[in-house]
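Chain by chain, the residues:
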Amino acid sequence: MDKPIDKAVADLGRDIGEYIRQQRSTAKISLRQLAKLAGVSNPYLSQIERGLRKPSAEILQQIAKGLRISAEALYVEAGILEQREGGALADAIVTAPDLTERQKQVLLDVYESFRRENAAADHRPAPAVPTKPEE
């Protein structure tokens, strides 16, 4: 492997580990608690957070479940998926635990329609400035 590729892979490991640590801290969950919730060993989770190990998609899914966040958010941070259009708001809708899948989809559809409408409005010529009628 090339040195730049090795460095990029190592950086991805650090980035996902740091993201997991931040999410764990925000959720006020200890490393030991998250390891138990995710079904991984305490040392393994610690190595992930320090960027020494790059977790598989399956392990990320287990960690996401333990953190009560979307696995998709972790996949994006890990470089497995590209970020969905809509960013943080779309992610918040997808991870809302008190909404049904149908409600989530309706909200995402409405949000996307607003985004398309605003994008179209940005490309329209500015409206003409009203002039005073001649007397």
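Residues numbered from 1 in each chain as written. Predicted model: local features only at pLDDT ≥ 70, side-chain atom pairs only at ≥ 80, totals over all residues. Heavy atoms only, no water.

Across its full length, the protein carries seven helices and zero strands. Shown N-terminal to C-terminal, the secondary structure of the protein runs as helices and strands in the order α-α-α-α-α-α-α. The buried share of the protein, taken over its 135 residues, is 27%. Here the contacts in the protein between residues at least 6 apart in sequence split such that 46% fall between residues at least 24 apart. (Helix = DSSP H or I, 4+ residues; strand = E, 2+ residues; numbered from the N terminus. Buried < 20%, exposed > 50% of the residue type's maximum accessible area, 1.4 Å probe, protein only. Contact = heavy atoms within 4.5 Å.)

Direction vectors running N to C along helix 6 (residues 87–95) and helix 7 (residues 101–122) enclose 165°, while the axes themselves pass 9 Å from each other. Classified by the angle their axes make, helix 6 and helix 7 are roughly antiparallel. As for the relative orientation of helix 6 and helix 7, their crossing is right-handed in sense. On helix 7, the residues touching Leu-89, Ala-90, Ile-93 and Val-94 of helix 6 are Lys-104, Leu-107, Leu-108 and Tyr-111. Residue composition of the contact of helix 6 with helix 7, by class: seven nonpolar, no polar and one charged. (Axes fitted to C-alpha atoms, helices over the stretch in contact; angles between N-to-C directions. Parallel < 35°, antiparallel > 145°, perpendicular 65-115°, else oblique. Left-handed = near helix turned anticlockwise from the far one by under 90°. Nonpolar A, V, L, I, M, F, W, Y, C, P; charged D, E, K, R; others polar.)

Note that Lys-104 resides in helix 7. Those residues in contact with Lys-104, other than ones at most four positions away along the chain, are Ile-93, Val-94, Ala-96 and Leu-99.

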